[in-house]
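One-letter residues, chain by chain:
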Amino acid sequence: MRLYDGQRVEQTEAGPEFVAARTKAARRSEIAQQAADHHRAQPRRPSRLAITVPVMDRKDLIERSCRTYNRLEAGLFDENAGPDSDPAFIERITVNHIRHDLTEYDQALEDKYSHVGGDAAKARIRERVYEAIARTYPHLAEERRRQEHRHINDLTYCWIPQRKYT
């Protein structure tokens, strides 16, 4: 069921006002695309973002990581995290604690939300934070690599190609 008259549509689209509006819209779209391409080509702010990871005693760092984990996960699991928990688990929650609680990681990612080129900037921020963690705490380098690899695979799996409309 058509709710329009095809002949009237064709007449309207052939009229000078419509042609002018379509030309103007096409030009705006072209300018917006050029601006987006320009922003993507520019070096992003993460290269200037100072990533600092505080140096802490290993025992203190593990205790803080366990406290944070237990506070966040309270009641979800049978056991609390502690210094005697599985070493791989301790490394995982320690890297998470450093990344989320001891750096500007979350704020830096939030600053890039919905910006042109933001996905590339976020990936670079993650990479730089993971590198800083491994530099500061070499004993966590393997866990850092595992998390970074997992994060990249998660993003690849979730990636949906953009459709170009003409």
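The rules we used
- Residues numbered from 1 in each chain as written.
- Predicted model: local features only at pLDDT ≥ 70, side-chain atom pairs only at ≥ 80, totals over all residues.
- Heavy atoms only, no water.
- Core = buried A, V, L, I, M, F, W, Y, C linked by side-chain atoms within 4.5 Å.
- Buried < 20%, exposed > 50% of the residue type's maximum accessible area, 1.4 Å probe, protein only.
- Helix = DSSP H or I, 4+ residues; strand = E, 2+ residues; numbered from the N terminus.
- Contact = heavy atoms within 4.5 Å.
- Phe/Tyr/Trp six-rings, centres within 6.5 Å; stacked < 30°, edge-to-face > 60°.
- Polar contact = N/O pair within 3.5 Å; in protein donor to acceptor, adjacent residues only side chain to side chain.

Draft legend 1. Here's a closer look at the nonpolar core. Among the nonpolar cores identified, the biggest contains 17 residues, and V53, L61, I98, I125, V129, I133 and Y137 are the most heavily contacted of them. Residue contributions to this core peak at 5 residues, all from helix 6 (residues 118–136). Not counting residues within four places of it along the chain, the set of residues in contact with I98 comprises V53, L61, T103, I133, Y137 and L140. Among the nonpolar cores identified, the runner-up in size contains 6 residues, and C66, A81, I90 and I93 belong to it.

Draft legend 2. Region of interest: the packing of aromatic side chains. Going through the model one piece at a time under the given rule, you end up with 1 aromatic pair. Between the aromatic rings of Y69 and F89, the centroid separation amounts to 5.1 Å while the plane-to-plane angle is 85°, which identifies the pairing as edge-to-face. Separated by 20 residues along the polypeptide, Y69 in helix 3 (residues 58–72) and F89 in helix 4 (residues 87–101) bring together distant segments of the chain. The exposure classification of Y69 matches that of F89, with both residues buried.

Draft legend 3. Main features of the environment of H139. Residue position: H139 is located in the loop between helix 6 and helix 7 (141–158). Along the sequence, H139 and R58 sit 81 residues apart, while their C-alpha atoms lie 9.7 Å from each other. The residues touching H139, leaving out its near neighbours within four places in the chain, are R58 and E91. Reaching out from H139, the side chain makes a polar contact with the side chain of R58 at a distance of 3.5 Å.

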